[in-house]
Structures are given as structure tokens and as C-alpha cells.
Amino acid sequence: MRPQERLAVIQRCVTREMARLGHVFTADGEVVRGPGTTAVAVREHPGGDGSGHVDLGYVLHLGRADGPVVWDCAAGLGKTEEEKLANAVRMWATTTASVLVELADGRGVYADHADHPELPGWHAVQGPAAVFGFGNEHLAAWLAEHRVMAALAPALRPQLTGPGPVGVKLFLGGKAGDDVAEVRVDGEVSEAASAALRALDWPRGERLCWARLFVLLTAERAAPVEAAPARAEAPAPMRPPAPAAVRPRGLFARWREARRAGR
């Protein structure tokens, strides 16, 4: 797939996924414009041809040279490159875009707000964890019951400089004897935080299972990002067979009740 074709596919997927989060986004040249000053930028992933990787930057103040852009990358699986890209964008929307939408709306609908005593002066907005693979309910339950950011705080604090926002992405899983634990701070791997994550007692099974989650840190509880009042009517959410989306600790009881109701 040529770069312009790949860009068009990614932009269509971003438009669709943001509509599911209740916001109207439309492609406009190299970016996908959203309400108010928000937008999503796309950049070519190094060696990304056919790999299913996407690099997406959520722009908070389009047109401001000093405006923050929250970059994140995601990868998707599929039989075709278009299917891989679509699944990658969906993964990004589930874990990362939900946090940015919550930052704009401030209503506690798509992500949770928390002030961790272990990270004084920083406010956290944490989205759902996307958990996928075999036996993912065990890893999902562990994530819902544990305060992972608090456990990583000592390793993260030295890297939190400036006013933010600071994006923290966690990827963990694998299986017993062959696990992976990676923490990225503003897109860069943090060796200290990754080691702290690996040291936690999250379940390692005999079959492959992974989780991805995203947390946005701001120096103080930010006011909602400027956004136009018009919102899209989000269609009924599509629930793919995997990954499962799990809200963090604050909503564990609600998650458990939903699981019981679905049986």
C-alpha cells in the first residue's frame, strides 16, 4: 500500500473510531480535524509498510506552535494491511483517544480521573485497558484490582518535568517464562519504569496474553480543552471478540456487575 493510500485508510478509521467516542472528526489534508482546536495527526511509522503500525498524534490546540501533541503508536493484526491498520486505530481509540476525549469533556465517561499521592502535583486520566489473548480475564481482573501507577511512581517521578501533559503507555503480558513489560513516557522507553512493571505480580499463564493501557498526566487538573458544542451521536458500541476493555480500579465493581449481567 502506498503512503497516501495508507494515510487515507488511517484517516477513515480515525473518523469512525472518534464518532464512536461521540466526537465528529473529518479528514482535512494531512490531519483529521475535530471539535474546536482538536485534531489527530498521522505520521509514517518507520518501517511501517505492511506492518500494521500507526503513529497518531492528538493535537490539543491546532494552529498554536507551542500547543501540545500527545503521540502514541499502536499495532494491529489482520489478514490484510487495511485490516491491520483498522485494528491498530481501534486499539489506539480504546486506550489512548478515550483519555484525550475525557480530557476535553471532563465528564468521567470514557476514562477515570485520579490524584495519586505517590505522584504529588500530578493529575492522572486513565483509560480502559485493552486485554487480549488466552485467559485474558485473569490479567484483566488483576489490572482492575491493582493501583499500577502508584507502584510505578518512584520510577516515573524523575522523568516528570515541565507542565505536561505527559503520556504514559504500559504494555505487559506474554506467558510464564517469556513475558514482556514496557513503559513508554512521551513515546520513549523508560528502563526504570519498565523494570518496575516487570517486577509486579501480574498473572503469567501458560498461554499468551497481553494488556495495553494509557495514562495522561497533567501538572494539575486541566480545564476541558476548547471544543465545539456539537457532538456526534455515537452508534451502539461494537464489541469485538478481543481485546476486552477493562476500566481501572475505580470502576471495578461496575465492570464485575457488567460481566455477570452478560453471562
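Residues numbered from 1 in each chain as written. Predicted model: local features only at pLDDT ≥ 70, side-chain atom pairs only at ≥ 80, totals over all residues. Heavy atoms only, no water.

K.L.:
Could you clarify how one ought to interpret the pairing of strand 7 (residues 123–126) in this entry?
P.N.:
For a regular strand, side-chain orientation follows a simple rule: the groups alternate between the two sheet faces. With burial as the criterion, each face of strand 7 is covered, one bearing His123 and Val125 and the other bearing Ala124 and Gln126. Here three bridges tie strand 6 (residues 112–114) to strand 7, and the two strands are oriented antiparallel to one another. Within strand 7, the residue paired with Ala114 across the bridge is Ala124. Pairing of strand 7 with strand 12 (residues 209–218), which is carried by four bridges, proceeds in the antiparallel orientation. Looking at the pairing, His123 lines up with Thr218 of strand 12. (Buried < 20%, exposed > 50% of the residue type's maximum accessible area, 1.4 Å probe, protein only. Helix = DSSP H or I, 4+ residues; strand = E, 2+ residues; numbered from the N terminus. Pairing = 2+ DSSP bridges.)

K.L.:
How should helix 1 (residues 3–20) be read in this particular structure?
P.N.:
Note on helix geometry: an α-helix contains 3.6 residues per turn, so any two residues three or four positions apart are oriented the same way. Taking 1.5 Å per residue, 18 residues should reach 26 Å; helix 1 reaches 26 Å between its end C-alpha atoms and fits that length. Taken residue by residue, helix 1 has Arg6, Leu7, Val9, Ile10, Gln11, Cys13, Val14, Glu17, Met18 and Arg20 as its buried positions. Contact partners of the buried residues in helix 1: strand 1 (26–28), strand 2 (31–33), strand 3 (39–43), strand 4 (53–59) and helix 2 (81–105). Among the residues trailing helix 1, Gly22 stands out with phi positive, at a value near 90°. (Expected span 1.5 Å × (residues − 1). Contact = heavy atoms within 4.5 Å.)

K.L.:
How do you make sense of unusual backbone geometry when you look at a structure like this?
P.N.:
With the exception of glycine, most residues fall at negative phi, and the peptide bonds are largely trans. At Asp186, a residue that is not glycine, the phi angle is positive and equals roughly 50°. With respect to the helices, strands and loops of the structure, Asp186 is situated in the loop between strand 10 (178–185) and strand 11 (188–189). You can call Asp186 partly exposed: its relative accessible area is 49%.

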